[in-house]
Amino acid sequence: MSEPLLDIRRLKKYFPIKSGLLNRTVGQVKAVDDISITIRPGETFGLVGESGSGKSTVGRTAIRLTDKTEGEVAFKGVDLYALPPQELRKLRPKLQLIFQDPYSSLNPRVRVGDAIGEALLEHGLASKDEVRDRVLDVLSLCGLSSYHIDRFPHEFSGGQRQRIGIARALVLNPELIVADEPVSALDVSIQAQIINLFRRLQETNGLTYLFISHDLSVVEHLCSRVGVMYLGSMAETASRDDLFREPLHPYTKALLSAVPIPIPKLKRERIVLKGDIPNPANPPSGCKFHTRCPFAVARCAEERPEFRHVGGERYVACHLV
Ligand SMILES: Nc1ncnc2c1ncn2[C@@H]1O[C@H](COP(=O)(O)OP(=O)(O)OP(=O)(O)O)[C@@H](O)[C@H]1O
Ligand SMILES: [Mg+2]
């Protein structure tokens with residue numbers, strides 16, 4: 001087994017809840033609450049879970065785009081949170097984020113070619129003369145045309161803008177890309193094109209992805225391993241095949257049973273969850289999922305289950321497994 005490219009250990013990220021005239025901290029949103037993930041070079045690790053489960057917060061803390069509360073993140077053995085600012089800056093190009101709406105990050109008055117090239121100059125990765133060629137290369141890699149280089153962001157379709165977002169990350173020659181719902185805003189045929197692009201880039205550029213999505217069919221298509229998050233905690237991680245063939249955690253079962261599209265390998269058992277996801281500022285005692293779990297027993301309300309290895313590539317946090 002190869003060394004992990006990214007090793008996330010017992011990561012926590014709490015957001016303070018402020019209230020009153022004095023703006024005092026009255027509580028904490030436990031957005032990420034003790035999560036461990038290892039991602040190997042060249043793999044695509046999928047992160048799924050309901051809205052608000054903490055996926056984006058994991059993605060951002062995994063590449064130190066925000067501070068952590070506790071835990072460690074190592075990129076190729078280097079503790080990201082221990083790096084001094086100038087060292088982190090040098091590493092930045094290697095760790096890129098692509099998100100759902102790249103349009104919001106594009107300056108409407110800056111031509112796309114300049115938008116893609118500016119980071120190259122900023123990081124000193126190319127000289128002024130080289131930039132145009134580098135940008136043309138990456139546009140072509142992302143399935144855009146050379147004439148797009150002088151266009152403005154509003155002149156592109158949603159799918160093309162997503163390609164621009166990918167090109168912007170890719171031009172820096174990254175090793176790890178955190179892709180946060182990168183295809184969720186696109187229609188299905190464009191989704192397929194972008195997903196194929198992600199795949200192709202993985203083969204040609206040896207990229208590693210942390211791929212965040214609530215769309216299980218996309219995750220099944222693209223990812224080699226999958227982690228299922230619930231309310232800031234990891235319920236289960238497994239290889240894609242194991243997870244989709246036989247989900248073990250009741251929450252994973254419920255998520256998969258709600259997928260409308262056919263997943264042929266999946267043994268189906270329809271589970272409908274009661275109620276909404278609880279408030280992460282005040283999570284349920286014991287197993288956070290026990291308030292919605294159809295199989296919960298007394299112990300589940302009392303004791304937090306450990307996230308433990310149950311064979312192969314599978315880890316599960318459940319008293320009943
Ligand atoms: N900057 C912030 N300040 C306070 N709370 C935050 C902040 N960012 C996220 N949260 C809270 O952390 C929790 C997890 O949010 P996060 O965006 O990581 O969820 P998510 O799984 O990505 O959801 P979605 O699928 O809707 O994108 C939520 O309860 C959210 O309200
Ligand atoms: Mg999110």
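Placed above this text is the structure.
Rules of the game
- Residues numbered from 1 in each chain as written.
- Chains lettered and ligands numbered in written order.
- Predicted model: local features only at pLDDT ≥ 70, side-chain atom pairs only at ≥ 80, totals over all residues.
- Heavy atoms only, no water.
- Near = heavy atom within 4 Å.
- Polar contact = N/O pair within 3.5 Å; in protein donor to acceptor, adjacent residues only side chain to side chain.
- Areas by Shrake-Rupley, 256 points an atom, 1.4 Å probe, with all protein chains shown as cover.
- Salt bridge = Lys/Arg side-chain N within 4 Å of Asp/Glu carboxyl O.
- Helix = DSSP H or I, 4+ residues; strand = E, 2+ residues; numbered from the N terminus.
- Buried < 20%, exposed > 50% of the residue type's maximum accessible area, 1.4 Å probe, protein only.
- Pairing = 2+ DSSP bridges.
- Contact = heavy atoms within 4.5 Å.
- Axes fitted to C-alpha atoms, helices over the stretch in contact; angles between N-to-C directions.
- Patch = residues over 30% accessible without salt bridge, like charges linked within 9 Å, V, L, I, M, F, W, Y side chains within 5 Å.
- Lys, Arg positive; Asp, Glu negative; His and termini not counted.
- Charge placed at Lys NZ, Arg CZ, Asp CG, Glu CD.

A word on the site of ligand 1
- In the vicinity of ligand 1, the contacting residues are Phe 15, Val 29, Ala 31, Glu 50, Ser 51, Gly 52, Ser 53, Gly 54, Lys 55, Ser 56, Thr 57 and Pro 280.
- Interatomic distance of 2.8 Å between a backbone N/O atom of Gly 52 and an oxygen atom of ligand 1.
- One nitrogen or oxygen atom from the side chain of Ser 56 is found 2.8 Å from an oxygen atom belonging to ligand 1.
- Contact with the protein chains covers 59% of the free accessible surface of ligand 1, which is 630 Å².

Remarks on the pattern of salt bridges
- In total, this model carries 16 salt bridges according to the counting rule given.
- Arg 40 is the salt-bridge partner of Glu 313, the closest N and O atoms lying 2.7 Å from each other. Here Glu 313 is found in the loop between β11 (308-309) and β12 (315-316), whereas its partner Arg 40 is found in the loop between β2 (24-39) and β3 (44-48), with 273 residues between them in sequence.
- Its relative accessible area of 25% is what places Glu 313 among the partly exposed residues.
- Judged by its relative accessible area of 17%, Arg 40 is buried.

A look at the side chain of Gln 96
- Mapped onto the fold, Gln 96 is located in strand β6 (residues 95-99).
- Gln 96 gets classed as buried once you look at its relative accessible area, which sits at 14%.

Quick word on the sheet that holds strand β4 (residues 70-75)
- Read across the open sheet, the four strands follow the order β2-β1-β4-β5; overall the sheet is antiparallel. The open sheet is flanked by β2 and β5 (78-79), the only strands paired with a single partner.
- One ladder, built from two bridges, connects β4 with β5; its direction is antiparallel. Bridge pairing in β5 places Ala 74 opposite Asp 79.
- Contacting β1 (6-19), β2 and β4, helix α1 (residues 55-62) crosses the sheet at an angle of about 115° to β1.

Here we look at a negative patch on the surface
- A cluster of acidic side chains, namely Asp 129, Glu 130, Asp 133 and Asp 137, defines a negative patch on the protein surface.
- One can find Asp 133 in helix α4 (residues 128-141).

Quick notes on the sheet that holds β6
- Taken in spatial order, the eight strands line up as β6-β7-β8-β3-β9-β10-β12-β11 in an open sheet, and their pairing is mixed. Both edges of this open sheet fall to β6 and β11, since each of them pairs with a single strand only.
- As paired strands, β3 and strand β8 (residues 208-212) are joined by four bridges and run parallel to one another. When the bridges of β8 are listed, Thr 44 appears paired with Tyr 209.
- Relative to β8, helix α6 (residues 188-205) is tilted by about 160°, and along the sheet it contacts β3, β6, β7 (176-180) and β8.

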